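Examining the three-dimensional arrangement
One letter stands for each residue in the lines below.
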Amino acid sequence: MNQGRVSRRTLLAGAGAALAWSASPLRAMLQQAEAEAGPATRRSIAALIKEMTLEEKAGQLTLMPAAWSGGVATDLNPPGADNNFTKQIAAAVAGDLTGVFNGNGAAMALRMQRAVMERSRLKIPLLFAADVIHGYRTIFPVGVGEAASFEPALAERTARIAAFEASGAGIDWTFAPMVDIARDQRWGRTMEGAGEDVLIGRLFAAARVRGFQGKSLARDDTLMACVKHFAAYGAAEAGLDYNSVDMSLPRLVEIYLRPYRAGIDAGAGSVMTAFNELNGVPSTGNHWLQTEVLRDDWGFEGFVVSDYTSDEEMIAAGFAADRREAARIAFLAGVDMSMTSGVYREHLPGLVRDGLVSEDQLDRSVRRVLAAKAALGLFDDPFLRIDPAREKKRSRLPSSLALAREAAQKSIVLVRNEGDLLPLSPKTKLALIGPFVRDGRDINGPWVVYGDNGQSVDLAVGLKNAGADFSMTLGSDVEAPIPGGIEAAVAAARAADVVLLAIGESERMSGEAQSRSEIVLPAPQQALAEAVAQTGKPIVVILRNGRALALHGAVKNAPAILVTWFLGSESGNAIADVLFGKVSPSGRLPVSFPHESGQEPYYYAHKSTGRPNPPGPLQEYKAHYRETANNALFPFGHGLTYGKISYSDLALSAKRLSGGSIEVAATIRNSGSRAAVETVQLYTHQRVASMTQPVRQLRAFRKIALGAGKAKTVRFVLTGEDLAFVNGAGKWVREAGVIDVWIAPNAEAEGVHGTFDFAPA
Ligand code: BGC
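Before going into details, it helps to say that this report is about the structure given with it. (Residues numbered from 1 in each chain as written. Predicted model: local features only at pLDDT ≥ 70, side-chain atom pairs only at ≥ 80, totals over all residues. Heavy atoms only, no water.)

**Observations regarding the overall build of the protein**
Helix and strand counts for the protein come out as 23 helices and 28 strands. Taking the principal axes of the C-alpha coordinates as reference, the protein spans close to 75 × 65 × 50 Å. Looking at the protein as a whole, 62% of its 761 residues are labelled buried. Taking as baseline every contact in the protein between residues at least 6 positions apart, the subset at least 24 positions apart corresponds to 79%. Accessible surface, the protein as shown: approximately 26700 Å² in total, 51% of it carbon and sulfur. In the protein, 81 positive and 81 negative side-chain charges are present, and the distance between their average locations comes to 5 Å. (Helix = DSSP H or I, 4+ residues; strand = E, 2+ residues; numbered from the N terminus. Buried < 20%, exposed > 50% of the residue type's maximum accessible area, 1.4 Å probe, protein only. Contact = heavy atoms within 4.5 Å. Areas by Shrake-Rupley, 256 points an atom, 1.4 Å probe, with all protein chains shown as cover. Lys, Arg positive; Asp, Glu negative; His and termini not counted. Charge placed at Lys NZ, Arg CZ, Asp CG, Glu CD.)

**What about the pattern of salt bridges?**
A complete count under the given rule lists 43 salt bridges for this structure. Where Glu359 meets Lys57, a salt bridge forms, and the shortest distance between an N and an O atom there is 2.5 Å. A residue pair is termed long-range when its members are at least 10 positions apart, and Glu359 in helix H16 (residues 359-375) and Lys57 in helix H4 (residues 54-60) qualify at 302 residues. One salt bridge in this structure joins Asp740 and Arg687, with 2.7 Å as the shortest N-O distance. (Salt bridge = Lys/Arg side-chain N within 4 Å of Asp/Glu carboxyl O.)

**Some details on unusual backbone geometry**
Looking along the chain, the bond that leaves Ala176 and enters Pro177 is cis, with omega of 10°. Mapped onto the fold, Pro177 is located in the loop between strand S4 (173-174) and helix H10 (198-213). Along the chain, Leu422 connects to Pro423 via a cis peptide bond; the corresponding omega equals -5°. Structurally, the position occupied by Pro423 is in the loop between strand S11 (413-417) and strand S12 (429-433). Despite not being glycine, Phe150 has its phi angle at roughly 50°, a positive value. Note that Phe150 resides in the loop between helix H8 (143-147) and helix H9 (152-167). Phi at Thr609 is positive, roughly 70°, even though this residue is not glycine. Relative to the elements of secondary structure, Thr609 occurs in the loop between strand S17 (593-594) and strand S18 (632-634). For Thr609, a relative accessible area of 45% translates into the label partly exposed.

**Topic: the sheet that holds strand S14 (residues 498-504)**
Across the sheet, which stays open at both edges, the six strands sit in the order S11-S16-S15-S14-S12-S13 with mixed pairing between neighbours. Each having just a single partner strand, S11 and strand S13 (469-473) make up the two edges of the open sheet. Taking the axes of each pair of neighbouring strands and ignoring which way they run, one obtains an average angle of 20° across the sheet. Sitting on the sheet, helix H23 (residues 571-579) touches S14, strand S15 (539-544) and strand S16 (560-563), and the angle it makes with S15 is about 145°. (Pairing = 2+ DSSP bridges. Axes fitted to C-alpha atoms, helices over the stretch in contact; angles between N-to-C directions.)

**Considering the sheet that holds strand S28 (residues 752-758)**
With mixed pairing, five strands are arranged side by side in an open sheet as S20-S28-S27-S22-S23. The sheet is open, and its two borders are formed by strand S20 (656-657) and strand S23 (697-706), each paired with just one other strand. Judged from the seven bridges that link them, strand S27 (residues 737-744) and S28 form a sheet pairing that is antiparallel. Paired with Val738 across the strands is Asp757, a residue of S28.

**Structural notes on the site of the ligand**
Lining the immediate surroundings of the ligand are 15 residues, of which Asp131, Arg189, His229, Asp307 and Glu512 lie closest. In this structure, Asp131 approaches the ligand through a side-chain N or O atom, which is 2.4 Å from an oxygen atom. Interatomic distance of 2.6 Å between a side-chain N/O atom of Asp307 and an oxygen atom of the ligand. The protein chains hide 98% of the 310 Å² of surface that the ligand would expose on its own. Among the residues forming the shell around the ligand, the class breakdown is seven nonpolar, three polar and five charged. (Near = heavy atom within 4 Å. Polar contact = N/O pair within 3.5 Å; in protein donor to acceptor, adjacent residues only side chain to side chain. Nonpolar A, V, L, I, M, F, W, Y, C, P; charged D, E, K, R; others polar.)

Honestly, that's just the spatial picture; any functional story needs more than this.
Structure follows, in structure tokens:
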């Protein structure tokens, strides 16, 4: 028996995890881990911690980028000066590391774990983390794209497969889901989350956590999730990544904090801080956020990790004088683990010796991290997820690729289809034009560490697989013209019946640090679109995008527009499926598409103002821009099908809601000749309250299949809880008043409307 190993049972007992169990899924998982722990009880966690030096404790709280050069991973997270694998193994053996992230598969993990289990003093297994954001080898649509499915269960399934593949490659812990609400489309990380809406954000956060973590963390096919970036990272001023956030308490509590809470309530084992400051205090040094809200109020029992070097960045932010102070502030704020900067390993021992950090508090963070390792099954089997032979066997299985195709199909949003240009007959002579026709670089999208663009099905291959008759012309590069490109594209358009214009953003144009001041198509692509439109041939725009864009000219006016985001492995096949009507498009926009960049931040759930501009022309001294309409070009929730859908007959079960619930129903009809999947949405608005309320808020939605000529009654149930809001003191309240209610196809459509009185009991 290896004296250095500790079973989950003893660790959990030591962590006090056996006390006061509630229904929390994380607790349930820890409890299950305890029940399943191997019979060999070694030493208790308390004894282990007693045996650890201060340096070893600080080491357990220190996570580093893997030094084994990981290709794309290295591009994402530039290695530190000490990027040397042998040195890193030595550091791990010396107890200076709790684990590494974005490494290079099971072979790397095996070498490191073996070294630690054979040669380190305490034999505490390493933890292997990675950014498995929208797939591991099988790449699913980017987060915002998948959110367009309005199907959280789909996100749970794709996260499950991502966990299955990644855990097969030695990874224990993913830095996902990213659940930051994004209401300013200049912010490049919009692509990673679930868009602008709080309900969608909550449902997708929880679904993704469930998908990654499965029913038990102690299995070789699950990953521990990490809800990030806590908090309000998506509200960076002016959409500038890393910028300050200054936000009222009601908005923070009612909107921004809720998706994190949903992920935590779903059992997420860890939380990552954010780069931004919140109301003057960096998130990573924010005791109110990381301790009072997260632990005292929400009861979070996992551990908190800093985002990359965000602890050290408090120096540049003007919140800490030096690395030692940065370590102290972050640690005392409640951040258990430091990523990348090394400030904990460097300074926590000295801070304890100098009495600035208590050893009890240090021990508590170490216990949290060890409890996570125990829950992941690593104390019973440090090699649980490390089996180089397994890695390939789990990669890109036909069933995983089939799911990628389904997810991609469901993420595509048809935002315009004049004259029923789509679906296309397979006989149509097509000119496929644009920088994304062949797609070695850009198909998977940002935040893919381990997927291979070259393995993903691009548009040209997708069309070929569908038996389409098409020519192919680049016309332009993404951000630069190609000599003769426009002429070639115009000639190709002239020779065809319909143009498929594959334009948009490259992989590098969204994602971390990819803020844009203008969310428009690059000029060379716009010029290409204008020239092609001059031919008079009907254009189907196939938009590649990581955020909502402001569309102009020939693109805005194209008779058909498909928003296709970055769809991943099965991109081209899924787009072809929609183009030729093999599937009816069903996606809905999780972010509003404004008319102009200058409208940002634009979101449907905005306030009225005291001078709203009534629908119709712009009026003087009303809230509007001189140059553009106030509304969205394509609002949140918008998306067409190949059916002809109408909404009628709103019915309320009562005129008044006090206790209990009220039922709101409407009839949805498909009078078209093709089957459709309609996403029916329920919105409310409280007319008068002690805090002004958004003009609309999504309360529920349902996807329904409607055959040609068929109608269905869709019923929603609202309770008083749905109508609660957060007052100026940050408390949830319910107030009496008149409630507008809509069942509608999107956030700005009238659909069917009614009112009822709300009189909370
Ligand atoms: C990102 C995180 C990510 C981390 C590690 C940071 O730059 O903000 O989302 O998990 O790097 O790759």
